[in-house]
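Residue strings, one per chain:
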Amino acid sequence: MRIAIVGLNTGTAIYAQYLAKNGHEITVFTENRGDVEVMDLLPHALLDIVNKESIKLFTRKYLEDLLGISVVNTRLQSVMIKGNNVLLASSLDGQYHKDRYDRVVIGSELSIKEPGNCVSIYRTVLSQGYYLVNGNDIGKNTEILLFMADLGGYAVTNSPLAMDDDLIKSIPINRAGETKVCLTTNYEVVKPVIDTINEDNRFIGKGFTMKDSLSGADYVVNRDYQLIMMGKLLALKDLDIIDSLPLMPRLELGFSRDWSFLSIGLTRNELIPVFRDLSSSRIAYHSSDSDIIAKVIHRGNKLLSIQVLMRGVRLLNWFFSIYSMVMLNKVAYLVLDMGYERTFNTLRGLLEQLMLNLYNI
């Protein structure tokens, strides 16, 4: 196939890798002249929680020289999509030059902005200061609270968060203080011009709206981790390894040195306008070296949300397993043993108990 990818991000990049390695002809249109980075990890690199080099998903040299992907550097607003046709505006006469592809994947790219007196979480090294958290990225808003728990700083916010209030109150941060630095989690989403779309078009990018598979409500994609899953699933579909693309629940997650959280689906505040008869179950575990609080929101035995807050458990070791089971509608299988690590087994036991509560067992 001849495939056009308009907008380079972690999800479209990993899709391009899979298809290019399988012999397909890939052309990428992008404003990004650097490497493909996991933007979610930029704050961690600034704090030396992760190495700066480790947040690179792919280098440009790998994509172009080793995979043979053709990369066209251009403003995304100069690219128009009409179904399987990609029209590129000439910088000389402004006229569009059309090329037709077998598949057009529509991505988005991000531009970091610091509006007014606010500083960006993606450019600032956090310290033991007084912060007013402001922005629409619910996952990053929540993650900042975890950073402050580590640093012993002060943070307050009226912006939306990725977990319910009862779990947020369990994060040991200072919420009093006078002089506050405005800290924003916002960024500008850059997209191509979309004239018409068809069934061959696919969207992979932050800022796009999807339907939550658990509640049926719309949500905005925020996390690179979800983009990577979207890119892999679309690649498996186009390589005829899987038959169809599953609907995906919203994924929000974050971590600091000591804390981490996972939120699958919408929060109670977001679900209340959609459903009236909500139930919830919560369970907790505390020890000298770890703390775990887990919660599910449901209607009858229909799961709507899973939220987990942890201290002393490194999140990235296991969240893919939990998210995949929820996404594939195999929630009941969370009662199976998913690991042997001591603290992880404790977490697995808590999730098992929540599932048993969900099914009234």
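Residues numbered from 1 in each chain as written. Predicted model: local features only at pLDDT ≥ 70, side-chain atom pairs only at ≥ 80, totals over all residues. Heavy atoms only, no water.

**Quick look at the overall build of the protein**
And then number 1: Helix and strand content of the protein: 9 helices and 24 strands.
And then number 2: Taking 2.2 N^0.38 as the reference for a compact globule, 361 residues should give roughly 21 Å; the C-alpha atoms of the protein span a radius of gyration of 21 Å, in line with that estimate.
And then number 3: A principal-axis box enclosing the C-alpha atoms of the protein has dimensions of 65 × 50 × 40 Å.
And then number 4: Expressed as a percentage of its 361 residues, the buried residues of the protein come to 53%.
And then number 5: Sequence-distant contacts in the protein: of pairs separated by 6 or more residues, those separated by 24 or more amount to 65%.
And then number 6: Element-wise, carbon and sulfur atoms account for 48% of the exposed surface of the protein, whose accessible area totals about 16000 Å².
And then number 7: Averaged over its 38 positive side-chain charges, the protein has a centre that lies 2 Å from the centre of its 40 negative ones. (Helix = DSSP H or I, 4+ residues; strand = E, 2+ residues; numbered from the N terminus. Rg over C-alpha atoms; globule rule 2.2 N^0.38 Å. Buried < 20%, exposed > 50% of the residue type's maximum accessible area, 1.4 Å probe, protein only. Contact = heavy atoms within 4.5 Å. Areas by Shrake-Rupley, 256 points an atom, 1.4 Å probe, with all protein chains shown as cover. Lys, Arg positive; Asp, Glu negative; His and termini not counted. Charge placed at Lys NZ, Arg CZ, Asp CG, Glu CD.)

**Describing the sheet that holds strand E7 (residues 85–89)**
And then number 1: Spatial ordering of the open sheet is given by E8-E7-E6-E16, a layout of 4 strands whose pairing is mixed. Pairing within the sheet leaves two strands with one partner each, and these edge strands are strand E8 (96–100) and strand E16 (193–196). Each neighbouring strand pair of the sheet contributes to a mean axis angle of 25°, computed without reference to strand direction.
And then number 2: Note: strand E6 (residues 79–82) against E16, 3 bridges, orientation parallel. Each bridged residue has a counterpart across the sheet, and for Met-80 the counterpart in E16 is Val-193. (Pairing = 2+ DSSP bridges. Axes fitted to C-alpha atoms, helices over the stretch in contact; angles between N-to-C directions.)

**What about the sheet that holds strand E11 (residues 119–120)?**
Where strands meet in a sheet, backbone hydrogen bonds hold them as pairs that are either parallel or antiparallel.
And then number 1: The strand order across the open sheet formed by 4 strands is E11-E14-E12-E13, and the pairing between neighbours is parallel. Strands at the two margins of the open sheet, each flanked by one partner only, are E11 and strand E13 (154–157).
And then number 2: Note: strand E12 (residues 130–134) against E13, 4 bridges, orientation parallel. Looking at the pairing, Leu-132 lines up with Val-156 of E13.

**Some thoughts on the state of the cysteines**
And then number 1: Using the criterion set out here, one finds 1 disulfide in the structure.
And then number 2: The side chain of Cys-118 participates in a disulfide bridge whose partner is Cys-182; the two sulfur atoms lie 1.9 Å from each other. What sets the handedness of the Cys-118 and Cys-182 disulfide is the S-S torsion sign, and at about 55° it is right-handed. Taken together, the residues Cys-118 in the loop between strand E10 (109–111) and E11 and Cys-182 in strand E14 (residues 181–184) connect sequence positions 64 residues apart. For the pair Cys-118 and Cys-182, a shared accessibility class is recorded, and that class is buried. (Disulfide = S-S within 2.5 Å.)

**Focus on the nonpolar core**
A general trend in soluble globular proteins is that nonpolar side chains are found buried together.
And then number 1: Judged by nonpolar contacts, the single largest core of 94 residues is most densely connected at Ile-26, Ile-69, Ile-171 and Met-248.
And then number 2: Apart from residues no more than four positions distant in its own chain, Ile-69 is found in contact with Ala-16, Ala-20, Ile-26, Val-28, Leu-63 and Glu-64.
And then number 3: Counting 12 residues, the second-largest nonpolar core is a separate cluster that includes Ala-4, Val-6, Val-104 and Ile-106. (Core = buried A, V, L, I, M, F, W, Y, C linked by side-chain atoms within 4.5 Å.)

**Some points on the packing of helix H1 (residues 10–21) against helix H6 (residues 224–238)**
And then number 1: The interhelical angle for the contact between H1 and H6, taken along N-to-C directions, is 30°, at an axis separation of 7 Å. Viewed along their axes, H1 and H6 adopt a mutual orientation that is roughly parallel. Considering only the axes of H1 and H6, their crossing is right-handed. Taking contact as the criterion, the partners of Thr-10, Gly-11, Ile-14, Tyr-15, Tyr-18 and Leu-19 in H1 are, on H6, Asp-224, Leu-227, Ile-228, Gly-231, Lys-232, Leu-234, Ala-235 and Asp-238.
And then number 2: When grouped by side-chain class, the residues that make up the contact of H1 with H6 number 8 nonpolar, 3 polar and 3 charged. (Parallel < 35°, antiparallel > 145°, perpendicular 65-115°, else oblique. Left-handed = near helix turned anticlockwise from the far one by under 90°. Nonpolar A, V, L, I, M, F, W, Y, C, P; charged D, E, K, R; others polar.)

**Here we look at a nonpolar patch on the surface**
And then number 1: On the surface, Ile-194, Ile-197 and Phe-203 cluster together into a nonpolar patch covering about 240 Å² of accessible area.
And then number 2: Mapped onto the elements of the fold, Ile-194 is located in strand E16. (Patch = residues over 30% accessible without salt bridge, like charges linked within 9 Å, V, L, I, M, F, W, Y side chains within 5 Å. Salt bridge = Lys/Arg side-chain N within 4 Å of Asp/Glu carboxyl O.)

**Describing H6**
And then number 1: Compared with an ideal rise of 1.5 Å per residue, which puts 15 residues at 21 Å, H6 spans 21 Å between its outermost C-alpha atoms and is within 8% of the ideal.
And then number 2: Within H6, 12 of the 15 residues are buried, leaving the element largely enclosed by the surrounding structure.
And then number 3: Just beyond H6, the residue with positive phi is Asp-240, at close to 60°. (Expected span 1.5 Å × (residues − 1).)

**Some words on the pattern of salt bridges**
And then number 1: Enumeration according to the criterion identifies 23 salt bridges in this entry.
And then number 2: With a closest N to O distance of 3.2 Å, Lys-211 and Asp-218 form a salt bridge.
And then number 3: In this structure Lys-211 comes out as partly exposed when scored by relative accessible area, which is 43%.
And then number 4: In this structure, Arg-223 and Glu-252 form a salt bridge, with 2.7 Å as the shortest nitrogen-oxygen distance. Here Arg-223 is found in the loop between strand E19 (218–220) and H6, whereas its partner Glu-252 is found in strand E20 (residues 251–255), with 29 residues between them in sequence.

**Points about the packing of H6 against helix H8 (residues 319–327)**
And then number 1: For the pair H6 and H8, interaxial distance at closest approach is 13 Å and the crossing angle is 60°. Judged on the interaxial angle alone, H8 and H6 are oblique. Classified by chirality, the crossing of H8 by H6 is right-handed. Two secondary-structure elements touch here, H6 through Tyr-225, Gln-226, Met-229 and Leu-233 and H8 through Phe-319, Phe-320, Tyr-323 and Met-327.
And then number 2: Classifying every residue of the contact of H6 with H8 by side-chain character gives 7 nonpolar, 1 polar and no charged.

**Quick notes on the pairing of E6**
And then number 1: The pairing of E6 with E7 spans 4 bridges and is classified as antiparallel. Directly across from Lys-82, in E7, lies its bridge partner Asn-85.
And then number 2: Hairpin connection between E6 and E7: a loop of 2 residues separates the two successive antiparallel strands, and Gly-83 in this loop has a positive phi of roughly 65°.

Note that every value here comes from positions in space, so none of it alone points to a role or purpose.
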